[in-house]
Amino acid sequence: MSSFRRPRLMALGVAVASSLAIAPTLVAQTYPSGNDPRNGLKYGLHDAGEAIQGMRLVSTTRKPAVLDSMVGLTFVNSDLAFRGNYVYQGNFAGFSIWDVSNLSKPVLASVVSCITSQGDPSIYGNLLFVSAEGAGNRNDCAKGGVQDPKDHMAGVRIYDVSNPKAPKLIKNVQTCKGSHTHTLIPDPKNKDILYIYVSGQQGARPDTELAGCKTGADPDDESNSLYRLDIIKVDVKRPQDAAVVSGARIFSGLRPAPRRGGGAARPMRAMSAADSAMMAAMANAGPRNCHDVTSYPEMGLLAGACGSHGLLVDVSNPEKPVRLDAVADTNFSLWHTAVFSNDGKKVVFTDEWGGGTSPNCQAMHPLEMGGNTTLVITGDRKYKQHAYFKIPTAQSPQENCVSHNGGLIPVPGRDIMVQGWYQGGVNIIDFTDPDKPYEIGFFDRGPVDAPSAEANTRQRGTIAGSWGAYWYNGYVYSSEMARGLDILEVLPGDKLSANELAAAKLIRMAEYNPQAQPKLVWPAAFPVVRSYLDQLVRDGGLAAARTTAIGQALAAAEKQSGAARKAALNTLAGQVEQDATGARDSAKVSTMAKAIRDLAAATK
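Residues numbered from 1 in each chain as written. Predicted model: local features only at pLDDT ≥ 70, side-chain atom pairs only at ≥ 80, totals over all residues. Heavy atoms only, no water.

1. A look at the sheet that holds strand β14 (residues 181–186)
Okay, step 1: The antiparallel open sheet is built from four strands, whose spatial order is β14-β15-β16-β17. Single-partner strands in this sheet number two, and they are β14 and β17 (243–248). In this sheet, adjacent strand axes meet at a mean angle of 30° when their direction is disregarded.
Okay, step 2: Pairing analysis gives six bridges linking β14 to strand β15 (residues 193–199), with the strands arranged antiparallel. Bridging from a neighbouring strand, Pro 186 pairs with Leu 194 of β15. (Pairing = 2+ DSSP bridges. Helix = DSSP H or I, 4+ residues; strand = E, 2+ residues; numbered from the N terminus. Axes fitted to C-alpha atoms, helices over the stretch in contact; angles between N-to-C directions.)

Below you can see the structure in the form of structure tokens.
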């Protein structure tokens, strides 16, 4: 079932002034589905009911004992990073390193107990970076809270994980606002230099605790610590010298985002060190931080999910980022995270409506809130907003559910992502057409908690579900906040062919950080050509007689070898190039012809 609708109202927050633009509304959809198999699943921590479609659960591995507690958010799992056969799983109280050589039975290489909230990890070579935020984190990682301000740790911890069985803390890099999340941007000119953009949600620490920190209401004040993302510079040969070198001042000139229903701008949250006059001044400004930013170094771009706004930033010079555009949407409560399409022409933003702890995927909730929206990057590097997407299922009041983190599934010719929705589970979304995103598959469990005796209760239950779900070297990994680590395999079906999945599995990454997207390049291979062919058949992009003939010619060429195969492929490429003229989807036919040429060139 399709689940999309164009935005009803979009507000552009630009330098100096804000303006409003109204987009046309499409017909209402039937949402959610009354017979979706995810509706009404049995509750339970490790024996909850499950619903799955287009995927197969390969394994579920419980949390290490030292982190296997449920006390609010204190021990929940957070994000993932990948390198080789290891998965690095963050936790609000430390992190785990899993050896996933055997996907059916991951082995715990090590677990580090360290009060860190929220513990988002990134990996770069043998260096593991972990976000730390909040008032209770200590330099020594110990529990018990901070008794002396000099022991407070808020920023990014750097570990040496050259031996995954024995991580070593190298340095705590302190930042003024801590690190809720962070994003890596390699220096485009020096592979040994790495920049870390730090998104901190807290207020600026007092100067007495960390010299140089300052709370101010003026986004243009270069000394103001509030309105910036701290930028850490790391020489990977000397990570012990890592330090904050600059700040991304990408918020200047923004105005407050309008509220849903046309009300006044959203009020600022009170903070320490800000008196009433300062708060009043801040109320006239836009965001002062981002929840999460996603870099695309190959494109020199960064998509900033910055609370009330979605930003597009040029980071070709990582020390001097330049904001290109900013948008707001009255239907978006919290611009949370972003995913670029592989060609860098679209960005999917998620809305963490309710902060991720509320059950906001119930039948009564609006589709436009708590889901995704797709923005196209225009030729002049501005955003244009298109449709929304939200899981078409009615979750229970016991399930914290909202759009959260995901990443691309590398199918050539299509834009497909896999995503976590907390206790809404994991799903696969095609956003190739930004106006018509649709669901391909899903995996979901029932809630951890039993139904409440009180109808329509809003009492917060156990926080659980998929923090983020990512494709890495042929499989989907989902960080289950309360239950552990899920590994899933995507299965072929009518919306995703075996050839498309075989092509996706050709992409092999040595390491992967979802918030620092790599450019994906497919090798010359038969599955890549057949992926395009399957899409032309599915969408009617080329006459059936020709797709059948091309399929037969490919099969014949594959049975040959050497010069005979090369000649057959070159002949076929020439025929397909002629097919492009007059084809319903001439662009895809041309792309397929090029893929056949590439395959011929690679044939020895």
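On we go from here.
2. Points about the packing of helix α3 (residues 526–539) against helix α4 (residues 544–559)
Okay, step 1: One can describe the packing of α3 onto α4 by two numbers: an axis separation of 10 Å at closest approach and a directional angle of 165°. It follows from the interaxial angle that α3 and α4 lie roughly antiparallel. Viewed along their axes, α3 and α4 form a crossing whose handedness is left-handed. Here Phe 526, Val 529, Arg 530, Leu 533, Leu 536 and Val 537 of α3 lie close against α4, whose contacting residues are Thr 547, Ile 550, Gly 551, Leu 554, Ala 555, Ala 557 and Glu 558.
Okay, step 2: Residue composition of the contact of α3 with α4, grouped by class: nine nonpolar, two polar and two charged. (Parallel < 35°, antiparallel > 145°, perpendicular 65-115°, else oblique. Left-handed = near helix turned anticlockwise from the far one by under 90°. Contact = heavy atoms within 4.5 Å. Nonpolar A, V, L, I, M, F, W, Y, C, P; charged D, E, K, R; others polar.)

3. A closer look at the state of the cysteines
Okay, step 1: Per the counting criterion, the structure on display carries four disulfides.
Okay, step 2: Here Cys 114 connects covalently by a disulfide to Cys 141, the sulfurs 2.1 Å from one another. A torsion of -70° about the S-S bond marks the disulfide between Cys 114 and Cys 141 as left-handed. With a gap of 27 residues between them, Cys 114 in the loop between β9 (107–113) and β10 (118–124) and Cys 141 in the loop between β11 (127–132) and β12 (155–160) connect regions that are remote in the sequence. Of the two residues, Cys 114 and Cys 141, neither departs from the other in class, the shared state being buried.
Okay, step 3: Across the disulfide from Cys 361 sits Cys 401; the S-S distance is 2.1 Å. Taking the torsion about the sulfur-sulfur bond, which here is approximately -80°, the covalent link between Cys 361 and Cys 401 counts as left-handed. (Disulfide = S-S within 2.5 Å. Buried < 20%, exposed > 50% of the residue type's maximum accessible area, 1.4 Å probe, protein only.)

4. Notes on the sheet that holds β9
Okay, step 1: In spatial order, the strands read β9-β8-β7-β6-β33; together these five strands make up an open sheet with antiparallel pairing. Pairing within the sheet leaves two strands with one partner each, and these edge strands are β9 and β33 (511–512).
Okay, step 2: Where strand β6 (residues 77–83) meets strand β7 (residues 86–91), five bridges bridge the pair, whose relative direction is antiparallel. Opposite Asn 77, over in β7, you have Asn 91 as the bridge partner.

5. A word on the pairing of β6
Every regular strand shows the same layout, with side chains that alternate between the two sheet faces.
Okay, step 1: Most of β6 sits out of view: six of its seven residues are buried.
Okay, step 2: Where β6 hands over to β7, the hairpin turn is made up of two residues, of which Gly 84 adopts a positive phi near 55°.
Okay, step 3: Of the pairings in the sheet, the one linking β6 to β33 comprises two bridges and is antiparallel in character. Its bridge partner being in β33, Arg 83 is matched across the sheet by Glu 511.

6. Describing α3
Okay, step 1: With 14 residues, α3 ought to run about 20 Å at 1.5 Å a step, and its terminal C-alpha atoms sit 20 Å apart, in line with that.
Okay, step 2: Taken together, the buried positions of α3 are Phe 526, Val 528, Val 529, Arg 530, Ser 531, Tyr 532, Leu 533, Gln 535 and Leu 536.
Okay, step 3: At its buried positions, α3 is contacted by α2 (498–504), α4, α5 (562–579) and α6 (586–602).
Okay, step 4: Just past α3, the residue Gly 540 takes up positive phi, approximately 65°. (Expected span 1.5 Å × (residues − 1).)

7. Describing the environment of Val 521
Okay, step 1: Looking at the element boundaries, Val 521 is found in the loop between β33 and α3.
Okay, step 2: For Val 521, a relative accessible area of 62% corresponds to the exposed category.

8. Some words on empty space enclosed by the protein
Okay, step 1: Under the counting rule described, the total for this entry stands at four cavities of 30 Å³ or more.
Okay, step 2: Its boundaries defined by the atoms lining it, the largest cavity holds a volume of some 100 Å³.
Okay, step 3: As for the largest cavity, its lining consists of Val 339, Gly 406, Gly 407, Leu 408, Pro 410, Trp 471, Met 509, Tyr 512, Pro 514, Gln 517, Pro 518 and Leu 520.
Okay, step 4: The element contributing the most residues to the lining of the largest cavity is strand β26 (residues 405–409), with three residues.
Okay, step 5: Its residues assigned to classes, the lining of the largest cavity shows nine nonpolar, three polar and no charged.
Okay, step 6: In terms of lining residues, the second largest cavity is bounded by 13 residues, among which Tyr 422, Gly 425, Arg 445, Ser 466 and Glu 480 are the most central.
Okay, step 7: At the level of secondary structure, the elements contributing two or more residues to the lining of the second largest cavity comprise β29 (438–445) and β31 (475–480).
Okay, step 8: When the residues that make up the lining of the second largest cavity are grouped by side-chain class, the tally is three nonpolar, five polar and five charged. (1 Å grid on protein atoms, 1.4 Å probe; cavity = no way out; pocket = protein on both sides within 12 Å on 5 of 7 lines; lining within 4 Å. Points joined across faces, edges and corners; volume = space filled by probe spheres on them.)

9. Structural notes on the packing of aromatic side chains
Remark: the centre distance and the inter-plane angle together describe each pair of aromatic rings, the angle taken between the planes.
Okay, step 1: Across all of its chains, the model carries 15 aromatic pairs by this definition.
Okay, step 2: Plain terms: the ring middles of Trp 335 and Phe 349 are 5.0 Å apart, the flat faces sit at 75° to each other, and that makes the pair edge-to-face. Here Trp 335, found in strand β22 (residues 335–340), pairs with Phe 349, found in strand β23 (residues 346–351); they are 14 residues apart in sequence, far enough to count as distant. Of the two residues examined, Trp 335 and Phe 349, each falls in the buried class.
Okay, step 3: Taken together, the ring pairs in this structure connect Phe 82, Tyr 470, Tyr 472, Tyr 477 and Tyr 512 into an aromatic cluster.
Okay, step 4: Directly above the aromatic system of Phe 442 lies the positively charged group of Arg 38, at a separation of 3.7 Å from the ring centroid.
Okay, step 5: Across from the ring centre of Tyr 475, 5.6 Å away, lies the NZ or CZ of Lys 505, which sits over that ring. (Phe/Tyr/Trp six-rings, centres within 6.5 Å; stacked < 30°, edge-to-face > 60°. Lys NZ or Arg CZ within 6 Å of the ring centre and 35° of its normal.)

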